[in-house]
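Observations on the model geometry
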Amino acid sequence: MAETGHAPCPNCERLPQRIDGPGRLFLWSPLGHTRGKLIRLLEEQALAWDQRQDMGALVLNLEAGAPERVAGLLRPALSGVELSHVRALYLPGEVEPGPADFGRVGSLGEWLAAAESGWLVDMLAEERLTSHFQPLVAARDPQRIFAFEALLRGHERDGGVVGGGPIMGQAAAADMLFQVDLAARRSAVKAFGDQPANGRRVFINFAPTSIYDPAYCLRTTFRAVEEAGLTPDQVVFEVTESEDVGDLTSLTEVLGHYREAGFGVALDDLGSGYASLNLLHQLNPDFVKLDMDLIRDVDTQPHKAALAGKLLEAAQAMGIRSVAEGVETPGELQWVRDHGADLVQGFLIGRPGPELPASGPAL
């Protein structure tokens, strides 16, 4: 995954090691009750383990291929709180933990997610990420295509397709957002660049928390755009409101780097959280996308209509182009059209697919 010309970023461009054994898993439980549950489980499953009195740990001896199976046994045995409180350290082979290793101790829940992520590590290593594309069209003339949203997909070795939700969910659980988000951006750019876009734009999702250092991390994405033969004005990067925007200064810096390079920026899922209008004001994006749950049945539910109407009115007043997501019925389309949405997206317009539709005039 490393780009030539600069050292790989350890947070973005180097894949984590697959946890597949043989090795040892050290566990520390703060509660005797939880420790007892672990011991009973280990004995019931006849797993190889011992107690290390010198460090107060239970130690599981895992053979090759065992970590994922053991993870499947431990996860249902403990509550979510217990998984977050039990501390875990995995070391390959029979290496004894040293002072530097204790800085890598995390929660058992984190180790389980990492042990269960072998399929995702393989998918990244084998470059099996791609995108399907869904059209965004003019609200008043749905035959006119404005852009396409790149939606993350993964190919299984047997030819099956994995949706973006499971991929990003596993990435978040296993602390792999840096690597997966970068690979997703690059694969979306490549997949779009490989097709005749006829000057249309592509919207690409990104997780703000996956950008460690904007000046460093984003240049790999910028180079991918250049290599794909796209111009920056063809690309819009969109950030979901549901992401962690607690560090608004950092998010503003990331969006600033995109804008300075000539890309558009969009705020996704407007209306899904509590900070909608504040984010709209503080980030001043080029586009806002109204959350699909808000648009669903907006023509028949007055409380949704009231909120969606205000958001569309605010966007129009600020000169921000609006996109109504999740439009599935003629009634929803008519409502968002009547209330000033600029663009629409949803199953009524077109379903995601690996290829761009050849027909439809550009907007």
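See above for the structure.
The sections below set out a description of the structure shown in this document. (Residues numbered from 1 in each chain as written. Predicted model: local features only at pLDDT ≥ 70, side-chain atom pairs only at ≥ 80, totals over all residues. Heavy atoms only, no water.)

Where helix α2 (residues 66–77) contacts helix α4 (residues 108–115), the axes come no closer than 9 Å and their chain directions differ by 135°. Comparing their axes, α4 and α2 come out oblique. Considering the relative orientation of α2 and α4, their crossing is left-handed. Residues Pro67, Glu68, Ala71, Leu74 and Arg75 of α2 form the contact with α4, whose participating residues are Leu108, Gly109, Trp111, Leu112, Ala113 and Ala115. (Axes fitted to C-alpha atoms, helices over the stretch in contact; angles between N-to-C directions. Helix = DSSP H or I, 4+ residues; strand = E, 2+ residues; numbered from the N terminus. Parallel < 35°, antiparallel > 145°, perpendicular 65-115°, else oblique. Left-handed = near helix turned anticlockwise from the far one by under 90°. Contact = heavy atoms within 4.5 Å.)

Our next topic: the side chain of Ser187. Structurally, Ser187 can be placed in helix α7 (residues 177–193). Not counting the four nearest positions on each side in its chain, Ser187 is found in contact with Leu129, Thr130 and Ser131.

Another point: helix α1 (residues 32–44). Over its 13 residues, α1 extends 18 Å from the first C-alpha to the last, a length consistent with the 18 Å expected when each residue adds 1.5 Å. Looking at the buried side of α1, the elements it contacts are β1 (23–28), β2 (49–52), β3 (57–62), α2 and α3 (80–85). At the C-terminal side of α1, Ala46 shows a positive phi close to 55°. (Expected span 1.5 Å × (residues − 1).)

Before going further, it helps to spend a moment on the sheet that holds β3. Backbone-to-backbone hydrogen bonds pair the strands of a sheet. The strands run either parallel or antiparallel. Taken in spatial order, the five strands line up as β2-β3-β1-β4-β5 in an open sheet, and their pairing is antiparallel. Each of the sheet's edge strands pairs with one partner strand only, and the pair in question is β2 and β5 (106–107). Looking at chain direction, β2 and β3 are connected through four bridges and run antiparallel. Bridge assignment links Asp50 to a residue of β3, and that residue is Val59. Seen against the sheet, α1 touches β1, β2 and β3 and runs at an angle of roughly 150° to β2. (Pairing = 2+ DSSP bridges.)

With that out of the way, let us pick up the packing of aromatic side chains. The full count for this structure, using the stated rule, is 13 aromatic pairs. Relative to Phe192, the ring of Phe133 has its centre 5.8 Å away and its plane inclined at 55°; by these criteria the two rings are tilted. Pair noted here: Phe133 is in strand β6 (residues 129–138) and Phe192 is in helix α7, with a separation of 59 residues, a long-range link. Taking the centre distance of 5.8 Å and the plane angle of 55° together, the rings of Phe146 and Phe287 count as tilted. Taken as a pair, Phe146 in strand β7 (residues 141–155) and Phe287 in strand β12 (residues 287–290) lie far apart in primary sequence, 141 residues in all. What makes Phe287 buried here is its relative accessible area of 2%. (Phe/Tyr/Trp six-rings, centres within 6.5 Å; stacked < 30°, edge-to-face > 60°. Buried < 20%, exposed > 50% of the residue type's maximum accessible area, 1.4 Å probe, protein only.)

A separate point is the layout of surface pockets. The volume enclosed by the largest pocket comes to roughly 950 Å³. Lining the largest pocket we find 31 residues, and of these Pro16, Gln17, Ile19, Ala114 and Ala174 sit closest to its centre. Sorting the residues of the lining of the largest pocket by element identifies β4 (87–92), β5, α4, α5 (118–125) and α7 as the ones contributing at least two each. Forming the boundary of the second largest pocket are 31 residues, of which Glu149, Leu151, Leu152, Asn205 and Asp268 lie nearest the centre. Of all elements in the fold, only β6, β7, α6 (164–173), α7, β9 (201–206) and β11 (264–270) reach the threshold of two or more residues within the lining of the second largest pocket. In terms of residues, the lining of the second largest pocket owes the most to one element, β7, which gives five residues. Of the residues in the lining of the second largest pocket, the class split is 12 nonpolar, 10 polar and nine charged. (1 Å grid on protein atoms, 1.4 Å probe; cavity = no way out; pocket = protein on both sides within 12 Å on 5 of 7 lines; lining within 4 Å. Points joined across faces, edges and corners; volume = space filled by probe spheres on them. Nonpolar A, V, L, I, M, F, W, Y, C, P; charged D, E, K, R; others polar.)

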